[in-house]
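Listed below are the residues making up each chain.
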Amino acid sequence: MKSSELVGGADTLSIGALAARFGLATHVLRHWETMGLLHPGRDAGGRRRYGADDLTRVATILLLKEAGLGLNTIGSLSAAADRATRHEILRPAAEELRSRIAAAQASLEFIEGGLNCAYEDITQCPNYRRHLAERIGPRSPAADRPPQDASRTGNSSRSS
């Protein structure tokens, strides 16, 4: 890439230069274009040329993908002109991300418990047992009763 490219917004990047800048394959940028996420200009030969706004757009798409949004959602977000619609689109994504963060935090605590366990047998660690109990859940009342044997129930159909 030439050092003068995109200096002052006057120059543009080829598809290869833009892809290399973000570590992407060129077909990814073409795909995003077919989905309406990118709108590159064209030079006299019909080749795609990307400007400073396109750099911002690609960085935005990558950040939103890293946050867990799919390309269709990103497209809807791009088309959203008002704050209320943007919030309607982002609210579920934020909840999903909070859920993933909570699950990752719980996993990290479990692993750190294993690292800090002084027992040779990890199944004896209180932390391990607590996590198992949480995963198994509360016992049902039926699980606390011994199985009934029909021959010992007093409901015999035999007559005396």
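Not measured: the values here are computed from a predicted model.

Assignment of secondary structure puts G68 in the loop between helix 3 (52-66) and helix 4 (71-79). Residue G68 is classed as partly exposed on the basis of its relative accessible area, which comes to 46%. Between the C-alpha atom of G68 and that of L97, which follows or precedes it by 29 residues, the distance is 7.3 Å.

With that settled, consider the layout of surface pockets. If you add up the space inside the largest pocket, you get close to 200 Å³. Every residue along the wall of the largest pocket is listed here: A103, A106, S107, F110, Y128, H131, L132, E134 and R135. When residues of the lining of the largest pocket are assigned to their parent elements, the largest contribution, five residues, is made by helix 6 (residues 126-136). For the lining of the largest pocket, the residue count by class is five nonpolar, two polar and two charged.

This brings us to the pattern of salt bridges. Side chains carrying opposite charge are able to pair once their charged atoms draw close together. Taken as a whole, this structure holds five salt bridges when the rule is applied. One salt bridge in this structure joins E33 and R48, with 2.5 Å as the shortest N-O distance. Of this pair, E33 sits in helix 2 (residues 26-34) while R48 sits in strand 2 (residues 48-49), placing them 15 residues apart in sequence. With its nearest N and O atoms 3.0 Å apart, the salt bridge here joins E134 to R130. In this pair, E134 and R130 both sit in helix 6, four residues apart, roughly one turn of the helix. Residue E134 is classed as exposed on the basis of its relative accessible area of 51%. Salt bridges sharing common partners tie together E33, R42 and R48.

Turning our attention to a nonpolar patch on the surface. A cluster of nonpolar side chains, contributed by F110, I111 and L115, occupies part of the molecular surface with about 320 Å² of accessible area. With respect to the helices and strands, the residue L115 is situated in helix 5 (residues 83-116). Judged by its relative accessible area of 68%, L115 is exposed.

With that settled, consider the nonpolar core. With 22 residues, the main nonpolar core has L29 and W32 as its most contacted residues. At the level of elements, helix 1 (15-22), helix 2, helix 3 and helix 4 are the ones that each hand at least two residues to this core. Sort the elements by how many residues they give to this core and helix 3 lands first, with five residues. Beyond its immediate chain neighbours, meaning those up to four positions away, L29 contacts I15, L18, A19, L24, L38, Y50 and V58.

The tally for this structure, following the rule as stated, stands at one disulfide. Here C117 is linked by a disulfide to C125, with a sulfur-sulfur distance of 1.5 Å. Of the residues examined, C117 reaches a relative accessible area of 17% and is grouped as buried.

What counts and how
- Residues numbered from 1 in each chain as written.
- Predicted model: local features only at pLDDT ≥ 70, side-chain atom pairs only at ≥ 80, totals over all residues.
- Heavy atoms only, no water.
- Helix = DSSP H or I, 4+ residues; strand = E, 2+ residues; numbered from the N terminus.
- Buried < 20%, exposed > 50% of the residue type's maximum accessible area, 1.4 Å probe, protein only.
- 1 Å grid on protein atoms, 1.4 Å probe; cavity = no way out; pocket = protein on both sides within 12 Å on 5 of 7 lines; lining within 4 Å.
- Points joined across faces, edges and corners; volume = space filled by probe spheres on them.
- Nonpolar A, V, L, I, M, F, W, Y, C, P; charged D, E, K, R; others polar.
- Salt bridge = Lys/Arg side-chain N within 4 Å of Asp/Glu carboxyl O.
- Patch = residues over 30% accessible without salt bridge, like charges linked within 9 Å, V, L, I, M, F, W, Y side chains within 5 Å.
- Areas by Shrake-Rupley, 256 points an atom, 1.4 Å probe, with all protein chains shown as cover.
- Core = buried A, V, L, I, M, F, W, Y, C linked by side-chain atoms within 4.5 Å.
- Contact = heavy atoms within 4.5 Å.
- Disulfide = S-S within 2.5 Å.

Any functional reading would require information that these geometric values do not contain.
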